[in-house]
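Coordinate analysis (summary)
Residues per chain, in single letters:
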Amino acid sequence: MPVDELRALQLKKLQTIVAYEYDRVALFRTRCDEKGVKPRDLVTLKDLARFPFMKKTDLRDQYPTGLTAAPLKEIVRFHCSSGTTGKPICIPNTKGDIEVWTDAAARSLAMYGLGDEDVLQVSYGYGLFTGGLGLHYGGEHLGCAVLPTSAGNTEKQLMLMRDLGSTAIACTPSYFLHVIEVAKKADIDFRRDTKLRHGIFGAEPWTDEMRRKIAELSGIIPHDIYGLTEISGPGVAASCPYCESETPGLHVFEDHYYPEIVDPETLDPLPDGEEGELVLTTLDRFGTPMIRYRTRDLSRLHAERCKCGRTIRVMDRIKARSDDMLIVHGVNLFPSQIETALLSVPEVEPHYQIVLTPTETLDLFEIKVELKAESFSDGISALEALRKKIFAAVKQITGLSPKITLVEPGSLPRSEGKIKRVIDNRR
Ligand code: DLL
C-alpha cells in the first residue's frame, strides 16, 4: 500500500478506536478529560501524542476486565500474562480480534517463506500464553499442516518432527537450544535426519550472536517474531528476508498496530531513527483496545524503506526491556551484553546464568557459564586460561569485573518457555 494511503487508513482507524474506547472505558475517558483532550481532537496522526498512555499496571489495577470495552457476549477468548510479580493481566478478545491477530500471524509466516507445503510444529506453550494458539491459528490460516506439540516432552517432539517431516518449528530460542541438545544426545542431525528449515523464534530477547549460533548448530534459518499479550500475541512484527540480513529488524504490521517511539524518561515522541520505548496502539481490536500502550521494549523505527518493497516500517530487534536493565556496581547493564560477550568465546556453550548477591561490601556479580564438554576435560591451567578469556570478553563489553564460574555442560536449568537468565538476590 502506498505510504499516503497507509497513513490515511491508520488515521481513520485511530479515530474510530479512540472514540470507541472513550465511550466504553471509564479509566481512558477520565484520563482524557484530565488532559483536556477529546476524540474529536484527533485530526492528524501527530495529535495522538496528546492522548494519555496506558501501562501494564493499569491492566493489573483494573484486573480482570476493567479495561474491557466489549460486552461478554462478544468475547470469544481470554489470554493472560503472568509477568514476574503481582496479579496477572487479562486480555479478552472478540472474534474480530482473533481474526486480525490470525491474519498478522499468517502474514509473518508467509514473510518467512512458509506456505501450504509446510509442516509447522508449534512448540510454544498452548494455553493462557499467546505463543501456541497464536501461531497455531496463523499456520492453519496460511494452509500449513500444523503440528500442535506445545512445549516440553522433547524426545517426542523430535520423533514427531522426523516422522511427520516438520519443516518449521515455532518456540522460544532458549527452548530450541534445548531441542538441539537433546537431538545431539540422540545422534539426530537436523541437516541429515529432518526436513527442518525454519525456526520462528520470539517471546524473549535473543542476540545476533545467538541467532548465528542457532543457525550454525542446526542449519535452520532463525526468523524473529515479536508480540505481546496486551496487543494480541505473536505477529505484531516479523522479519522479512532483508530484515534478517541487511537491515536487522522486523516489519511492524502498521495497518493493525500503530507504533510510536518515545523517550523513556520524558515520554516525548521521538522521530524515526532514534532509540526509545516502543508504544503501540491497536487499530482494530475491540475487546481490549490499547491506546498508546507503553511496552517497555526498547527499539527504534527505521526511517528508510526496506528493500523488500513493503511500506510498513521496520523496527530494530528488541534487545532489551527497560525494566530488564540491571545496575551492577553503579553501571547500567543489559543481560544481552553478557550474551554477546560469552558467545564470542568459541569454547562456551550458549547456556549461562547471571547471579547477583548482596554482600556487606560490593554486590557479588557472578556469571555461571557452561563449557563445551571437550573444553571441560582440559587440565586446570587450561581451564584457568579459559576463565580469564571469558572474563576479558565480558570486561571489554561491559567494563565490569564479574566472577566467572565455569560449570559442566548440562548443569544449568533449561527452559521450555521463556528462560530466566538473571537471578537477582538483591531484590
Ligand atoms: O511473548 C508473545 C509471543 C509469543 C511473541 C511467541 C513471540 C512469539 P508476552 O508473554 O506478553 O507475549 O511477552 C511479551 O516478550 O514485551 C517483549 O519484552 C518480549 N518479546 C516478545 N517477542 C520478542 C522478540 C509474548 N521477538 C514480551 N524479541 C514483550 C525480544 C520479545 N523480545
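Scope of this entry: the structure provided in the associated data block. In this text, all values refer to a predicted model and were calculated from it rather than measured experimentally.

**Structural notes on the sheet that holds strand β12 (residues 293–300)**
- Within the open sheet, the three strands sit side by side as β10-β11-β12. Their pairing is antiparallel. Since the sheet does not close on itself, it has two edges, and those belong to β10 (257–262) and β12, each with one partner. Strand-to-strand, the axes of this sheet are offset by a mean angle of 35°, without reference to chain direction.

**Here's the deal with the packing of helix α4 (residues 95–112) against helix α5 (residues 130–142)**
- As a packed pair, α4 and α5 sit with axes 7 Å apart at the nearest point and diverge in direction by 70°. Here α4 is positioned roughly perpendicular relative to α5, judged by the angle of their axes. On α5, the residues touching Ile98, Trp101, Thr102, Asp103, Ala105, Ala106, Leu109 and Ala110 of α4 are Thr130, Gly134, Leu135, Tyr137, Gly138, Gly139, His141 and Leu142.
- Its residues placed into classes, the contact of α4 with α5 shows nine nonpolar, six polar and one charged.

**Looking at the packing of aromatic side chains**
- Counting across every chain of the model gives five aromatic pairs.
- An angle of 35° between the planes, with centres 5.2 Å apart, marks the rings of Phe176 and Phe201 as tilted. Here Phe201 lies in strand β6 (residues 198–202) and Phe176 lies in helix α7 (residues 173–185), a separation of 25 residues in the sequence. Accessibility classification places Phe176 together with Phe201 in one group, the buried group.
- Between the aromatic rings of Phe201 and Trp206, the centroid separation amounts to 5.6 Å while the plane-to-plane angle is 90°, which identifies the pairing as edge-to-face.
- Phe201 gets classed as buried once you look at its relative accessible area, which sits at 0%.
- Each member of the aromatic cluster is reached from another via a ring pair, and the members are Phe176, Phe190, Phe201 and Trp206.
- Directly above the ring of Tyr137 sits Arg77, whose terminal nitrogen or CZ lies 4.6 Å from the centroid.
- When the ring centre of Trp206 is taken as origin, the NZ or CZ atom of Arg211, which lies over that ring, is 3.8 Å away.

**Side note on unusual backbone geometry**
- A cis geometry characterises the amide bond from Tyr63 onward to Pro64, with omega recorded as 0°.
- Within the fold, Pro64 resides in the loop between α3 (56–61) and β1 (75–81).
- In this model, Ala203 sits at a positive phi of 80°, which is unusual for a non-glycine residue.
- On the secondary structure map, Ala203 appears in the loop between β6 and α9 (208–218).
- Since its relative accessible area comes to 31%, Ala203 is described here as partly exposed.
- We note that Ser232 has phi near 150°; this positive angle belongs to a residue other than glycine.
- With respect to the element layout, Ser232 can be found in the loop between β7 (221–227) and β8 (234–238).

**Structural notes on the pattern of salt bridges**
- In total, this model carries 29 salt bridges according to the counting rule given.
- Note that Asp272 and Arg313 form a salt bridge whose closest N and O atoms lie 3.1 Å from each other. With a gap of 41 residues between them, Asp272 in the loop between β10 and β11 (275–282) and Arg313 in the loop between β12 and β13 (314–315) connect regions that are remote in the sequence.
- Using a relative accessible area of 35% as the deciding quantity, one classes Asp272 as partly exposed.
- When the shortest N-O distance is used, the salt bridge between Arg294 and Glu277 registers 2.9 Å.

Cut-offs used in this document
- Positions within a chain are numbered from 1, following the residues in the order the chain's sequence is written.
- Under the rules for a predicted model, residues below a pLDDT of 70 receive no local features and side-chain atom pairs below 80 are neither given nor counted, while totals for whole chains, interfaces and linings still include all residues.
- Note that the side-chain values use all heavy atoms of the structure and ignore hydrogens as well as water.
- Two strands pair under a simple rule: DSSP has to find at least two bridges between them.
- Secondary structure elements follow DSSP: runs of H or I no shorter than four residues count as helices, runs of E no shorter than two count as strands, and numbering proceeds from the N terminus.
- In this analysis an axis means a line fitted to C-alpha atoms, helices contributing only their contacting stretch, and an angle means the value between N-to-C directions, from 0 to 180 degrees.
- Oblique is the label for any angle not under 35 degrees, not over 145, and not in the 65 to 115 range, which are roughly parallel, roughly antiparallel and roughly perpendicular in turn.
- Only heavy atoms matter for contacts: two residues are in contact if any of them lie within 4.5 Å across the pair.
- Think of it as three bins: nonpolar holds Ala, Val, Leu, Ile, Met, Phe, Trp, Tyr, Cys and Pro, charged holds Asp, Glu, Lys and Arg, and polar takes everything else, Gly as well.
- Working definition: rings of Phe, Tyr and Trp (its six-membered ring) pair if their centres are within 6.5 Å, and the pair is stacked with planes under 30 degrees apart, edge-to-face with planes over 60 apart, and tilted otherwise.
- For the exposure calls, accessible area comes from a 1.4 Å probe over protein chains only, and a residue counts as buried if that area is under 20% of its type's maximum, exposed if over 50%, partly exposed in between.
- The criterion for a charge sitting over a ring is simple: Lys NZ or Arg CZ within 6 Å of the ring centre, and within 35 degrees of the ring normal.
- Salt bridges are identified by distance alone: a Lys or Arg side-chain nitrogen within 4 Å of an Asp or Glu carboxyl oxygen.

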